[in-house]
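These are the residues of each chain, in order.
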Amino acid sequence: MDYSRFEQYLNNVKDDIMAYIAIQMAETDKYASSDAALTIRYQELVNRALIQENFLLEFPTSNRAGQVKTLFNDYKLYVFYGLNNPPLFSYEENTMHPNARKTYEFISRIPNTNKSELRIQLKQFMKLVKEEKYKRTAKVENWLTENINEKQ
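Positions within a chain are numbered from 1, following the residues in the order the chain's sequence is written. This being a predicted model, a pLDDT of at least 70 is required before a residue's local features are given, and a value of 80 or more before pairs of side-chain atoms are given or counted; all residues contribute to the totals for chains, interfaces and linings. Side-chain metrics in this entry use all non-hydrogen atoms of the structure; hydrogen atoms and water are not considered.

S.K.: Tell me about a nonpolar patch on the surface, and please be specific about residues and values.
M.R.: Two joining distances apply to patches: 9 Å for like charges and 5 Å for nonpolar side chains (Val, Leu, Ile, Met, Phe, Trp, Tyr), and every residue must have over 30% relative accessible area and no salt bridge. Residue-level accessible areas treat just the shown protein chains as cover; the underlying method is Shrake-Rupley with a 1.4 Å probe. By definition, a salt bridge exists where a carboxyl oxygen of Asp or Glu is found within 4 Å of a side-chain nitrogen of Lys or Arg. Among the surface-exposed residues, Met-1, Phe-6 and Tyr-9 lie close enough to one another that they form a single nonpolar patch of about 340 Å² accessible area. Along the chain, Met-1 turns up in the segment before α1 (15-29). Helix numbers and strand numbers start at the N terminus; a helix is a DSSP run of H or I with at least 4 residues, a strand a run of E with at least 2.

Right, dumping it as structure tokens:
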């Protein structure tokens, strides 16, 4: 659905629907993935996930919360695992994608004033990955299982 067609009605809807339309407009403007490939930059990926997380915090009883939660769960997997093309950690050497590393390190240093759980997790993840020399080790895999997979 082309959500940009609803833009003309934004002043006539409640705040949660306005925020939902904005989230969906970003999706229809450019999907995050196509054919198991990431189609947006890592910064845009994290930004979208943060907007989705904020929607869920701000509008937990919205009738659109379920759709946003599903989308947010997908985005969290993209952030912490990547996609087939590219995976967050290369198939050959198990090293973190350089663009993701640079972006995630930058985002991890920004003060987390609204106490975003995603930003807390990203900071913890980057600290561990740095300790593991940016490789997907058993420690990294265990952290992902405990903090990302189990919380989905």
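Still to come is the rest of the account.
S.K.: Talk me through the pattern of salt bridges; I want residue IDs and the actual numbers.
M.R.: Evaluation of the coordinates by the stated rule reveals six salt bridges. A salt bridge links Arg-48 to Glu-27; its shortest N-O distance comes to 3.1 Å. You can see Arg-48 sitting in helix α2 (residues 42-58) and its partner Glu-27 sitting in helix α1, a full 21 residues away along the chain. Residue Arg-48 is classed as buried on the basis of its relative accessible area, which comes to 7%. Between Glu-141 and Arg-136 there is a salt bridge, with its nearest N and O atoms 2.6 Å apart. One salt-bridge network, in which partners are shared between bridges, spans Glu-27, Glu-44 and Arg-48. Residue exposure (1.4 Å probe, protein chains only): buried if accessible area is under 20% of the type maximum, exposed if over 50%, otherwise partly exposed.

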